[in-house]
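Here is what each chain is made of, one letter per residue.
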Amino acid sequence: MHVLRAQFRIETQRALEFAASRGFGVIVAADERGPRASHVPFVLTERGGHTVVQIHFTAKNPLVALADGSRRFLLIVTGDDAYVSNDWYASRDNVSTWLYEAVHLSGVAHLRGLDDNRGHGDALLAVSEARLPKEPWDLAQMEPGKRESMLAAIRVVDLVVDEVEGQAKLNQHKSDADHVAVANRLARSEETGHRRLARKMQALRQGLGYEMP
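Going along each chain's sequence as written, the residues are numbered from 1 onward. Where totals are concerned, whole chains, interfaces and linings use all residues; where local detail is concerned, this predicted model gives features only for residues with pLDDT of at least 70, and gives and counts side-chain atom pairs only at 80 or more. Hydrogens and water molecules were not included; the side-chain quantities draw on all heavy atoms of the structure.

Enquirer: Whenever I open this one, the overall build of the protein confuses me. Can you help?
Expert: Per the convention used, a helix needs a DSSP run of H or I reaching at least four residues, while a strand needs a run of E reaching at least two, with both numbered from the N terminus. The secondary structure content of the protein amounts to 6 helices and 8 strands. Summarising its shape, the C-alpha atoms of the protein cover approximately 60 × 45 × 30 Å along the three principal directions. When accessible area is computed with a 1.4 Å probe and restricted to protein chains, residues below 20% of their type maximum are described as buried, those above 50% as exposed, and intermediate ones as partly exposed. Looking at the 213 residues of the protein, the share that counts as buried comes to 41%. We call two residues in contact whenever any of their non-hydrogen atoms come within 4.5 Å of each other. For the protein, contacts bridging at least 24 residues in sequence account for 71% of all contacts bridging at least 6. In the protein, 27 side chains carry a positive charge and 28 a negative one; their mean positions are 2 Å apart. Only four residue types enter the charge count, namely Lys and Arg as positive and Asp and Glu as negative; His and the chain termini do not. Just so you know, the charge point we use is NZ for Lys, CZ for Arg, CG for Asp and CD for Glu.

Enquirer: What should I look at first to understand helix α1 (residues 12-22) in this one?
Expert: Taken as a whole, α1 has its buried residues at Thr12, Ala15, Leu16, Phe18 and Ala19. For α1, the arc enclosing every buried residue in end-on projection is 160 degrees, short of the 170-degree limit, so these residues lie on one face. You can read the cap of α1 off the contacts: a side-chain oxygen lies 3.1 Å from the backbone nitrogen of glutamine 13, and it is on glutamate 11. Throughout, the arc means that of the directions going from the helix axis to the C-beta atoms. Two N or O atoms count as a polar contact when they lie within 3.5 Å, although within protein this holds only if one can serve as hydrogen donor and the other as acceptor, and sequence-adjacent residues are included solely when both atoms are side-chain atoms.

Enquirer: When you look at unusual backbone geometry in this model, what are you seeing that I'm missing?
Expert: Among all residues save glycine, negative phi is the norm, and among peptide bonds the norm is trans. A positive phi angle is found at aspartate 93, which is not glycine, with a value near 65 degrees. Tracing the backbone shows aspartate 93 in the loop between β6 (68-84) and β7 (97-111). One non-glycine residue, asparagine 171, lies in positive phi territory at about 65 degrees. With respect to the secondary-structure elements, asparagine 171 resides in the loop between β8 (154-169) and α5 (176-187).

Enquirer: I tried to follow the pattern of salt bridges on my own but got confused; where do I start?
Expert: A side chain of one charge can pair with a side chain of the opposite charge if their charged atoms are brought near each other. The term salt bridge refers to a side-chain nitrogen of Lys or Arg lying within 4 Å of a carboxyl oxygen of Asp or Glu. All chains considered together, the criterion is met by 13 salt bridges. For aspartate 68, the salt bridge is made with arginine 71, and the minimal N-O distance between the two is 3.7 Å. When its relative accessible area of 40% is taken as the criterion, aspartate 68 is described as partly exposed. Classification of arginine 71 as partly exposed rests on a relative accessible area of 30%.

Enquirer: Explain the pairing of β8 to me, please; I cannot follow it from the model alone.
Expert: Moving residue by residue along a regular strand, the side chains alternate between the two faces of the sheet. Strand direction decides the pairing type here: strand β5 (residues 50-58) and β8, joined by 7 bridges, are antiparallel. Across the sheet, the residue bridging to valine 53 is leucine 159, located in β8. We call two strands paired when DSSP finds no fewer than two bridges between them. Bridging between β7 and β8 involves 12 bridges; their strand directions are antiparallel. Residue pairing in the sheet places alanine 109 in a bridge with leucine 159 of β8.

Enquirer: Honestly, the packing of α5 against helix α6 (residues 192-204) in this entry has me stumped. Any pointers?
Expert: A packed helix pair is summarised by two numbers, namely the angle formed by the two axes and the spacing between the axes. A fitted line through C-alpha atoms serves as each axis, taken over the contacting stretch for helices, and the angle formed by two N-to-C directions is quoted from 0 to 180°. Contact pair α5 / α6: the axes reach a minimum separation of 7 Å and the direction vectors enclose 150 degrees. One finds that α5 runs roughly antiparallel with respect to α6. As α5 runs across α6, the sense of the crossing is left-handed. Across from His179, Val182, Ala183, Leu186 and Ala187 in α5, the residues of α6 making contact are His194, Arg195, Leu197, Ala198, Met201 and Gln202. Classes in brief: Ala, Val, Leu, Ile, Met, Phe, Trp, Tyr, Cys and Pro nonpolar; Asp, Glu, Lys and Arg charged; the others, Gly included, polar. Per-class residue counts for the contact of α5 with α6 are 7 nonpolar, 3 polar and 1 charged. Roughly parallel covers angles under 35 degrees, roughly antiparallel covers those over 145, roughly perpendicular covers 65 to 115, and oblique covers all other angles. Handedness of a helix crossing follows the sense of rotation of the near helix relative to the far helix, less than a right angle counterclockwise being left-handed and clockwise being right-handed.

Enquirer: Help me understand the nonpolar core, please; the structure alone is not making it clear to me.
Expert: Considering soluble globular proteins, one finds that nonpolar side chains tend to be buried as a cluster. In plain words, nonpolar cores are sets of buried Ala, Val, Leu, Ile, Met, Phe, Trp, Tyr and Cys residues tied together by side-chain atoms within 4.5 Å. The biggest cluster of nonpolar side chains holds 25 residues, and the ones touching the most others in it are Ile27, Val53, Ile55, Phe57, Phe73, Leu75 and Leu105. Beyond its immediate stretch of four places on either side in the chain, isoleucine 55 contacts Ile27, Val40, Pro41, Phe42, His120, Arg155, Val156 and Val157.

The following block contains the structure:
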């Protein structure tokens, strides 16, 4: 599996783990009119030595027709992001920037048969419900007629991944003093995503003088 170069590259396994933990992204492909995109939940699986992203669309989505077994799809999975003002740094003359994490998975898309709809639905629900602190809900609890009607209205697509690009910009190139100053600012933010980024920055450079939350 080829890993594209990036400014701050995430190695392949970590990139896949990040994507799987998010479970939601933007799928993009192009037809004669240009790019098409949809926001989709997904399941990451291994099949025949390949990483496969399994997604679904409504049957009328134009991306369904593009999953022809030869066209390439791109899945964009983003994490938290945060704007960093230039006066947050300990040193002078830094430039304002954005910190973020993102992974791109790309490969050829294959349309699955209708018989795969239930299996995909079960797998997607199992992964998604496992994130919640409750007893999992599944399709078996749904009224059968309604369940089958909903399953018949979707089409399942496998994206067989052959390229992974992971990028994390978390001030890796800054001095320890600047790294700590920005991490401390984010840790005090009211936004949960900013605090998550702060924890990741702290994990990158442990043992520095971070403020305790």
